[in-house]
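Given next are the chains, with one letter for each unit.
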Amino acid sequence: MSIYSLRGLNVRFCRQAYILAHVRAGVVPMPGRTKLRLSLCECSDQQLNSSRGYAINNTGATIDELNRLKPYLLAAITPLRSSHNNLYQMTGGSKCGVKNAELLQAKDCNISKRKNVTSDKKPCDGEGAGGSGSKKGAPSGGSIMGDDEATRKTRMLLALLAALGLGGLLLWLLTRRKQKVADSTECGTTAAIASTVPATSAELPKHVPYLLIGGGTAGFSAFRAIKSNDPRAKVLMITNESRKPYMRPPLSKELWYSAEKGEVTKDYRFKQWTGAERSLFFEPEEFFVDPTKLMETVNGGIAVAQGFTVKKIDPAKHIVTLADGYEITYDECLIATGCAPKSLDVFAQATPGVKEKVMVYRSPDDFERLKRYADEKKSITIVGNGFTGSELACSLANYAKDKKVKIYQIFPESGNMSKVLPTYLSNWTTAKVESMGVCVMPETSIKNAQRDEAALKLVLNNGKSLLTDVVVVCVGCEPNTSIALTSGLEVDKSLGGFVVNAELEARRNLFVAGDASCFYDPLLGRRRVEHHDHSVVSGRLAGENMVGKKKAYNHQSMFWSDLGPEVGYEGIGLVDASLRTVGVFALPTSNPEPRTDNLTETAVMEGGGSGSTVTVNPETPDVKCDPKDADEYGRGVIFYMKDDKIVGILLWNLFNRIGLARTIINQNKKYDDLNEVAKLFEIHA
Ligand SMILES: Cc1cc2nc3c(=O)[nH]c(=O)nc-3n(C[C@H](O)[C@H](O)[C@H](O)COP(=O)(O)OP(=O)(O)OC[C@H]3O[C@@H](n4cnc5c(N)ncnc54)[C@H](O)[C@@H]3O)c2cc1C
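Computed from a predicted model, the values in this text were never measured in an experiment. (Residues numbered from 1 in each chain as written. Predicted model: local features only at pLDDT ≥ 70, side-chain atom pairs only at ≥ 80, totals over all residues. Heavy atoms only, no water.)

**Student:** How should helix α12 (residues 387-399) be read in this particular structure?
**Tutor:** Quick reminder: α-helices carry 3.6 residues per turn. Residues three or four places apart thus point the same way. Relative to the 18 Å expected for 13 residues at 1.5 Å per residue, α12 spans 18 Å between its end C-alpha atoms, a close match to the ideal helical length. The buried fraction of α12 is high, at 10 of 13 residues. Inspection of α12 places Gly389, Ser390, Glu391, Leu392, Ala393, Cys394, Ser395, Leu396, Ala397 and Tyr399 among the buried residues, and these make up the whole buried set. (Helix = DSSP H or I, 4+ residues; strand = E, 2+ residues; numbered from the N terminus. Expected span 1.5 Å × (residues − 1). Buried < 20%, exposed > 50% of the residue type's maximum accessible area, 1.4 Å probe, protein only.)

So this is what it looks like as structure tokens:
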């Protein structure tokens, strides 16, 4: 087992991004471009197949991708190996283990950043000696010198290398966490270094009573329901992420308002709009049981197997198979695999150099990466006008207020949130987003993207071009249903997601909740919902059914969104701008509504029930019903109509009324005067 550090192999980008980009593109790495060298770790097949120990697995490439690349890499080093001209083989204490690998990578990225990717210094020189303490196959070519002089120079070089190595090690220790979770600014992927907890799947239990696939909101909510009904339950959660369960909504909102330049806190603490402080994580590290000890615990609990991907389920035999072939049997299983952000063809088919500058947004790693860009770069372009794109644009503009970075938002539609808000409100919102400092470009699409040295050149449909440092693609997400095919599970053809029955069951003892579920709503028909509240409530119901409650899912879930601290809205039912809408607004006041805490997982399920009666408030508030009159939309309520019934309600800057909105939708009846219904919401209160 050896580490080979290659000098003089002039590849274009820093190792991670370069290799990943080429693995993904399926082409051979081409030497002879610019200045950085490639260093790589050669391991046995066994190591290659374990998620630890293979340095270039830090690229985020899958084992399949690495296997495909391996012959190219070996071919690339073969000539250098034989000539020994540029090859340092590290032996002795050196291992092709994670630590050395991380060290090499961390230093590579730092150096390339400092030198702006054009350094002709050979950063690997120091790594080789520093990492191993001994060196074989020193360069035999190069300049000719006398023995003494050569010995003296070698000693000096060794001393220098040792000092560099020590310094590097210290720096690495200090910055290890940060380096682990993110790429360098120029190093492409946002993937965390591939490591698993526990170290190998063989340490996981062979059988568990409750198995949760997916480490997100729905999965964690199911755990809570299981635990409160079966206090000694032993629950194993399997997630392909490297973190314990956390919530996503603050990633595009509150975290940016709490963020300061520099490193983020370990547990991603942030202030909610209500002023209360909390962490992104549902529970602290100590809350969780060690997965290797789960089956021995007396009181049970939840253990999280981190960094493992489920590839297949055998619903008949109750077997879950991991990517490495390890099998776990279960009594009850939940699929809560959520969804994955989509990209655009223009980027999916672009060159590796372009892809390096394009990211999606869903995880804390993405937050950290984008924050670094916001701290260091000159321009960020967000593509997409939906929830994530619009929230992020506002949050970034606020974060960037006293920074040099400019925020652009591009989308082909005519205004922000156009799929949800009626046109007049979407237009108003666009103007509001602009007033927050975002350069919004509606009716704009990207025809082509080219790498222009450090930046990206986006060629737009209007003939103009935009130079930008990074593009964040926020164009929706797709449910993670790849295991459906291998497991014989049905996916809804038009909505996506695993098809489930009223009890959220796909097959007996196999449930689905959250973004990945396609469920039947008795009132509004078959649906798939990508919102926090739905994940909490469907996860909870699935958990209850896993302990045998046999409950039907008929909760009308809500969602919310915030466009900066001044605009917030909550919605329920079919909030779809293609439906007929009726909006009732009050003029803005200097007395804004106190916000709700939607992240408190217990604050759902209130109200509802078709038996509740709606009482009309006899007061006649000075409401503005005509959108043209109300050019300032302070507070209001919008009804979404289908067959003259209210099927969706959006509360604009009105909080703590979602229970009433749920009641009205559940009544499923025709109202003669919507103005009267609007009064119930006490817009002026
Ligand atoms: C930036 C952002 C902001 C948001 N803001 C709001 C908001 O303000 N309001 C709102 O209502 N909603 C919001 N949402 C949506 C909300 O967060 C999601 O609906 C919710 O997280 C879905 O929960 P889930 O558990 O279904 O999926 P996820 O949270 O996506 O969890 C799925 C988990 O499964 C894992 N996984 C997938 N496949 C596998 C596999 N094969 N093996 C092992 N693990 C796997 C994933 O890695 C992930 O850990 C936001 C989402 C994002 C990204």
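Read on for the rest.
**Student:** I would appreciate a short explanation of the pairing of strand β6 (residues 234-239) in the present structure.
**Tutor:** Most of β6 sits inside the fold, with 6 of its 6 residues counted as buried. Side-chain alternation along β6 places Lys234, Leu236 and Ile238 on one buried face and Val235, Met237 and Thr239 on a second face that is also buried. Direction of pairing for strand β5 (residues 207-213) relative to β6: parallel, over a ladder of 4 bridges. Paired with Leu212 across the strands is Met237, a residue of β6. Once you follow β5 into helix α7 (residues 217-229) and on to β6, the crossover reads as right-handed. Of the strand pairs in this sheet, β6 and strand β9 (residues 301-306) are connected by 6 bridges, and their pairing is parallel. Pairing of Val235 across the sheet is with Ile302, part of β9. (Pairing = 2+ DSSP bridges. Right-handed = clockwise from strand over helix to strand, strands pointing away.)

**Student:** In this structure, what is going on with the sheet that holds strand β19 (residues 455-460)? I would like to understand it.
**Tutor:** The strands making up a sheet associate through hydrogen bonds between their backbones, and the pairing can be parallel or antiparallel. Read from one edge of the open sheet, 3 strands run β18-β19-β20, paired in antiparallel fashion. The two strands at the open ends of the sheet, each matched to only one other strand, are β18 (446-452) and β20 (465-468). Geometrically, the sheet is characterised by an average inter-axis angle of 20° between neighbouring strands, direction not taken into account. As judged from the 6 bridges shared by β18 and β19, these two strands associate in the antiparallel manner. Bridge pairing in β19 places Ala449 opposite Leu458. (Axes fitted to C-alpha atoms, helices over the stretch in contact; angles between N-to-C directions.)

**Student:** How do you make sense of the environment of Gly497 when you look at a structure like this?
**Tutor:** Relative to the assigned elements, Gly497 resides in the loop between α14 (482-487) and β23 (498-499). Among the residues examined, Gly497 registers a relative accessible area of 0% and is labelled buried. The spatial distance from the C-alpha of Gly497 to the C-alpha of Ala218 is 14 Å, given a sequence separation of 279 residues. Setting aside its immediate chain neighbours within four residues, Gly497 contacts Pro479, Thr481, Glu490, Val491, Asp492, Ala516, Cys518 and Arg528. (Contact = heavy atoms within 4.5 Å.)

**Student:** Would you mind going over unusual backbone geometry with me for this structure?
**Tutor:** Glycine aside, the phi torsion of most residues is negative, and most peptide linkages are trans. A cis amide bond links Val197 to the next residue, Pro198, at an omega of 0°. In this structure, Lys550 is a non-glycine residue whose phi angle is positive, near 55°. Backbone geometry places Asp643, a non-glycine residue, at a positive phi of 50°. Counting through the fold element by element, Asp643 comes out in the loop between β31 (635-642) and β32 (645-652).

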